[in-house]
Amino acid sequence: GLPVALSTTGPCSIVNGAVHVTGAGTCTVTAAQAGDDVYDAATPVQRSFVATVPLAAPTVVVSSRCAVGKPVLTVQGTNRAGVSVTFDIATPLGSTSVNGVASGKTTSAVFTGRSGSLSAGSVTVTATAKVDGVSTRSTTTAAYPARTCG
């Protein structure tokens, strides 16, 4: 048969006949097949997809202490991505969002329990950012031990 020529636009290229994603955004691949003296040229076919770039997972440190007979969780999240992110922090004691955490910076959130004890558990920190116009996220979970205050 006649050869098919592949071409791309956007953050991708053709390497050894395969699509190679080079960044985030919309990639369009076009397949074209020229004709010859027996066959007419085929109508070119385009297919598009949105490529995302993984966001570096945040570094998370969680500690617990007692204050006035109540357990307190302190969650620290460090942005390891190369862009500013929003951190969504979720714990059994509550949740919060911190916007605009710059690359390399650390933010903290403090959560206080209502009873005198806290069961062992974990916190989840999700970093969200737009990279080249595409929303991307990464999540880290960190465990903490049980704490009894009294």
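It should be emphasised that the depicted structure is a prediction, and the values quoted were computed from it without experimental measurement. Each chain has its residues counted from 1, following the order in which its sequence is written. A pLDDT threshold of at least 70 governs which residues receive local features in this predicted model, and a stricter bar of 80 or more applies before side-chain atom pairs are shown or counted, although totals over entire chains, interfaces and linings include all residues. The side-chain values count all of the structure's non-hydrogen atoms but skip hydrogen atoms and water molecules.

**Section: the environment of Ser122**
Relative to the assigned elements, Ser122 resides in strand β12 (residues 121–131). We call a residue buried when its accessible area falls under 20% of the maximum for its residue type, exposed when it is over 50%, and partly exposed in between, using a 1.4 Å probe and counting protein chains only. By relative accessible area, which is 34% here, Ser122 ends up partly exposed. Throughout, a residue-residue contact means that at least one pair of heavy atoms, one from each residue, lies within 4.5 Å. Among residues more than four places away in sequence, those in contact with Ser122 are Pro92, Thr141, Ala142, Ala143 and Tyr144. Where helices and strands are cited, they refer to DSSP runs of H or I of at least four residues and of E of at least two residues respectively, numbered from the N terminus.

**Topic: the state of the cysteines**
Whenever a pair of cysteine sulfur atoms sits within 2.5 Å, that pair is classed as a disulfide. Taken as a whole and judged by the stated rule, the model has 2 disulfides. One disulfide in the model links Cys12 with Cys27; its S-S distance is 1.7 Å. An S-S torsion of about 85° defines the bridge between Cys12 and Cys27 as right-handed. Linking Cys12 in strand β2 (residues 12–15) with Cys27 in strand β4 (residues 25–32), this pair joins segments that are 15 residues apart in sequence. Residues Cys12 and Cys27 agree in their burial class; the two are buried. One disulfide bridge connects Cys66 with Cys149, the sulfur atoms lying 2.0 Å from each other. On the sign convention where negative is left-handed, the bridge of Cys66 and Cys149, at about -80° about the S-S bond, is left-handed. Residue Cys66 is found in strand β6 (residues 59–67), and its partner Cys149 is found in the segment after β14 (147–148); the two are separated by 83 residues along the sequence. When its relative accessible area of 9% is taken as the criterion, Cys149 is described as buried. Sequence-ordered numbering of the bonded cysteines in the protein gives a pairing of 1-2, 3-4.

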